[in-house]
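Fold and contact review
Residues per chain, in single letters:
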Amino acid sequence: MSTLYEATATAWGGRDGRVSSSDDRVDLNLSTPKGMGGDDGPGTNPEQLFAAGYAACFHSALKAIARSQKVDVADSAVSVTVGVTGGLAQGIDLAVTIEAQLPGVEEQVARGLLDAAHQTCPYSRATRGNVVQDVRLVTDED
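Every value quoted in this text rests on a predicted model; they were computed, and no experiment measured them.

Attention now moves to the pairing of strand β4 (residues 77-87). One ladder, built from 11 bridges, connects β4 with strand β5 (residues 91-101); its direction is antiparallel. Pairing of T81 across the sheet is with T97, part of β5.

Attention shifts here to the layout of surface pockets. Looking at the largest pocket, its volume works out to about 510 Å³. Along the walls of the largest pocket sit 18 residues, with A7, T8, A9, S21 and V26 positioned nearest its centre. Where the lining of the largest pocket is concerned, the elements lending two or more residues are β1 (9-12), β2 (18-21) and α1 (46-68). The class makeup of the residues in the lining of the largest pocket is 10 nonpolar, four polar and four charged. Taken as a whole, the second largest pocket encloses approximately 150 Å³ of empty space. In terms of lining, the second largest pocket is formed by Q101, L102, P103, V105, E107, A110, L137, V138, T139 and D140. Those elements that place two or more of their residues in the lining of the second largest pocket are α2 (107-120) and β6 (132-138). Residue composition of the lining of the second largest pocket, by class: six nonpolar, two polar and two charged.

On the surface, M36, V84, L88 and I92 cluster together to form a nonpolar patch covering roughly 390 Å² of accessible area. Take V84: it is sitting in strand β4. With relative accessibility at 34%, the residue V84 sits in the partly exposed group.

Our focus in this paragraph is the pattern of salt bridges. Inspection of the entire model under this criterion finds six salt bridges. The residue D27 makes a salt bridge to R18 at a minimum N-O spacing of 2.7 Å. With relative accessibility at 30%, the residue R18 sits in the partly exposed group. Here R25 ties to D23 by a salt bridge, and the two come within 3.5 Å at their closest N and O atoms. For D23, a relative accessible area of 41% translates into the label partly exposed. One network of salt bridges, in which partners are shared, links E99, D134 and R136.

Cut-off values and rules
- Along every chain, residues carry numbers that run from 1 in the direction the sequence is written.
- Given that this is a predicted model, residues contribute local features only at a pLDDT of at least 70 and side-chain atom pairs are listed and counted only at 80 or more, while totals for whole chains, interfaces and linings are drawn from all residues.
- Only hydrogens and water are set aside when side-chain values are computed; all heavy atoms of the structure are taken into account.
- In this analysis, strands are considered paired if DSSP registers two or more bridges between them.
- By the criteria applied, helices consist of DSSP H or I runs no shorter than four residues and strands consist of E runs no shorter than two, each listed in order from the N terminus.
- Only protein atoms enter the 1 Å grid, on which a cavity is a set of points fitting a 1.4 Å probe that cannot get out and a pocket is an open set with protein on both sides within 12 Å along at least 5 of 7 lines, lining residues being those with an atom within 4 Å of a point.
- Grid points are joined across faces, edges and corners, and a volume is the space filled by probe spheres set on the points.
- Gly counts as polar in this scheme, as do all residues outside two lists: the nonpolar Ala, Val, Leu, Ile, Met, Phe, Trp, Tyr, Cys and Pro, and the charged Asp, Glu, Lys and Arg.
- Residues enter a patch when their relative accessible area is above 30% and they make no salt bridge; the linking distance is 9 Å between like charges and 5 Å between nonpolar side chains (Val, Leu, Ile, Met, Phe, Trp, Tyr).
- All accessible areas in this document rest on Shrake-Rupley with a 1.4 Å probe, and a residue is counted as covered only by the protein chains that are shown.
- The rule for a salt bridge is simple: a side-chain nitrogen of Lys or Arg has to be within 4 Å of a carboxyl oxygen of Asp or Glu.
- Only protein chains enter the accessibility calculation, which uses a 1.4 Å probe. A residue is then buried if its area is under 20% of the maximum for its type, exposed if over 50%, and partly exposed in between.

This is the structure:
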């Protein structure tokens, strides 16, 4: 299998340090959230970075599936929430909630698109079976 793309990032100082990509397109300060014992400083955190990457990747998968089925999802949006669960004694895990808005797409079609995107998105595939995943369709009624 050939590699299509690789990205490299380096962290200094852990959750209260800095992270940078090898091409310097990402260069961010990190802060630990209060809920995890930190000072909730101005920097981002690994969970926000993971959520942003997952949302972009899932949305791209959704758009590709929709395009192949000739469904217009031009006004769609995907939000990903990453939760940190557990504790040091039992282990710390992640939980992911994916929420998609597909205005103008019939609910049954939208759910089919989400299911297919969840099967093809590399983030979903990589975390399946070891991260709790909840995929939700957000409708006008929510």
